[in-house]
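Listed below, chain by chain, are the residues.
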Amino acid sequence: MTWILFLIILALFFDYLNGFHDAANSVATVVSTRVLSPKVAVAWAAFFNFVAFLIFHTGVAKTIGSGIVDLHIVDANLVFAALMGACVWNILTWWWGLPSSSSHALIGGLIGAGLVKGGFSTLVAGGIIKTVLFIFISPLLGFLLSGLIGIIVFNLFRKANPFKVDHLFRKGQLLSAAAYSLGHGGNDAQKTMGIISMLLLGGLAGAEVEPIRDFLLSHHEMELVSQGQFIVPLSVVLLCHGAIALGTLSGGWRIVKTMGQKITRLRPVDGFCAESGSAISLFIASIMGVPVSTTHTITGAIVGIGSLRRLSCVRWGVANKIVWAWFITIPAAAAISAASYAIKVWLFN
């Protein structure tokens, strides 16, 4: 039981790192446009990260928990290795200041551990293909939506006083940042929910996990589990939203600088359009139950709104570096996870 508790704490630590790493996504635009101070911005984002559980269902958690690897092969070693792959890659990319995807790091971790344990037959092709497709779809959707919102806004206010426009969208950014943070919490917190639920409901021996399961699950939830349903307990939902909100409150400032200043120079109206486009993208993905990268979405949106002004406004060298980080995240996290699984089994089994 002690080992299972450790893994749940490790999963919540990953969730904290996810919020810490992705705080940049939630606050970079609103901080870079000087609408909010850094401390106020992260508190604003953390609040909406937490209350997102009131809006979104747990479709993304179910995809992570049962749609990447076969639930029946899940054991403590697999969960440990998957989390190690995701956590180590998150820390490395935070240190390098690269806005990579915590979501894809976790998915890579699951894939790496699953391959070492049982080979390709343990992977769920449908869930993995859907996730990989959204590596391309989510930034493109963010790009298109922020550009479309930008075209509408710029045309509506083209004759307005620039000072009044700036004042209006400073207030508007409070709403768009809140919407984006809701989408961030609604999608990203669910990845850890999926991992913990996988741990509680997967292929572990009953004696190991039953005391914790009895503590975390209500009587009604236990009945659903006994019927063979994959569920996400309310207690796990609250724990995960709390962990990601605390991570956001801590803030990953290295990545804020990359997202808010190095890709393109943002004004309040630009920040509003980028956050709004990203928020809509995340809402769509969460409703569909697709675990997307909030990093990919906001980066695509920032590039989209920057390109609308002039292509030269975007620092394409920085954007190119970020895109390369996206593509290597899944294989890099999978490699770390596979090594962690092999070492853990070799040393302790």
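A short tour of the structure in this document, coming up. (Residues numbered from 1 in each chain as written. Predicted model: local features only at pLDDT ≥ 70, side-chain atom pairs only at ≥ 80, totals over all residues. Heavy atoms only, no water.)

### Digging into the overall build of the chain
- When you go through the chain residue by residue, the secondary structure sums to 14 helices and 0 strands.
- For the chain, the α and β elements follow one another from N to C terminus as α-α-α-α-α-α-α-α-α-α-α-α-α-α.
- Out of the 349 residues belonging to the chain, those deemed buried represent 60%.
- Of all intrachain contacts in the chain linking residues separated by at least 6 positions in sequence, the fraction that spans at least 24 positions is 88%.
- Here the chain displays about 14,300 Å² of accessible surface, and carbon together with sulfur accounts for 71% of that area. (Helix = DSSP H or I, 4+ residues; strand = E, 2+ residues; numbered from the N terminus. Buried < 20%, exposed > 50% of the residue type's maximum accessible area, 1.4 Å probe, protein only. Contact = heavy atoms within 4.5 Å. Areas by Shrake-Rupley, 256 points an atom, 1.4 Å probe, with all protein chains shown as cover.)

### Some points on the side chain of His-241
- On the secondary structure map, His-241 appears in helix α10 (residues 234-250).
- The buried category is assigned to His-241, whose relative accessible area is 2%.
- Engagement of the side chain of His-241 in a polar contact is seen with the backbone oxygen of Asn-49, the distance being 2.9 Å. (Polar contact = N/O pair within 3.5 Å; in protein donor to acceptor, adjacent residues only side chain to side chain.)

### Let's talk about the packing of aromatic side chains
- The final tally for this structure, using the stated rule, is 8 aromatic pairs.
- With a centroid separation of 5.5 Å and 45 degrees between ring planes, the pair formed by Trp-3 and Phe-80 is classed as tilted. Pair noted here: Trp-3 is in helix α1 (residues 2-32) and Phe-80 is in helix α4 (residues 76-96), with a separation of 77 residues, a long-range link.
- According to the relative accessible area criterion, Trp-3 is partly exposed, its value standing at 28%. (Phe/Tyr/Trp six-rings, centres within 6.5 Å; stacked < 30°, edge-to-face > 60°.)

### Describing the nonpolar core
- Within the largest apolar cluster, 60 residues are counted, with the highest numbers of intra-cluster contacts made by Ile-8, Leu-110 and Leu-200.
- Those residues in contact with Leu-200 that sit more than four places away from it in its chain are Ile-8, Val-209, Ile-212, Arg-213, Leu-216, Leu-217 and Val-236.
- In this structure, Phe-134, Ile-149, Tyr-180 and Phe-272 belong to the second largest nonpolar core, which totals 20 residues. (Core = buried A, V, L, I, M, F, W, Y, C linked by side-chain atoms within 4.5 Å.)

### Thoughts on the pattern of salt bridges
- Scanning the entire structure with this criterion turns up 3 salt bridges.
- Among the salt bridges present, the one from Arg-170 reaches Asp-166, with a minimum N-O distance of 2.9 Å. Here Arg-170 pairs with Asp-166, and both are found in helix α7 (residues 162-201), just 4 residues apart, close to one helical turn.
- The class for Asp-166 is partly exposed, based on a relative accessible area of 29%. (Salt bridge = Lys/Arg side-chain N within 4 Å of Asp/Glu carboxyl O.)

### Side note on the packing of helix α6 (residues 125-156) against helix α12 (residues 268-288)
- Close contact between α6 and α12 brings their axes to 8 Å; oriented N to C, the two are set at 135 degrees. Here α6 is positioned oblique relative to α12, judged by the angle of their axes. Judged by the sense of rotation from one axis to the other, the crossing of α6 with α12 is right-handed. Packed against α6, whose contacting residues are Phe-134, Leu-141, Gly-142, Leu-145, Ser-146, Ile-149, Gly-150, Val-153 and Phe-154, the element α12 presents Val-269, Asp-270, Cys-273, Ala-274, Ser-276, Gly-277, Ile-280, Ser-281, Ile-284 and Met-288 at the interface. (Axes fitted to C-alpha atoms, helices over the stretch in contact; angles between N-to-C directions. Parallel < 35°, antiparallel > 145°, perpendicular 65-115°, else oblique. Left-handed = near helix turned anticlockwise from the far one by under 90°.)

### A short note on α4
- Taking 1.5 Å per residue as the helical rise, α4 with its 21 residues ought to reach 30 Å, and the 30 Å between its terminal C-alpha atoms agrees with that figure.
- Among the residues of α4, the N-terminal cap falls to Asp-75, whose side-chain oxygen and the backbone nitrogen of Asn-77 are separated by 3.3 Å. (Expected span 1.5 Å × (residues − 1).)

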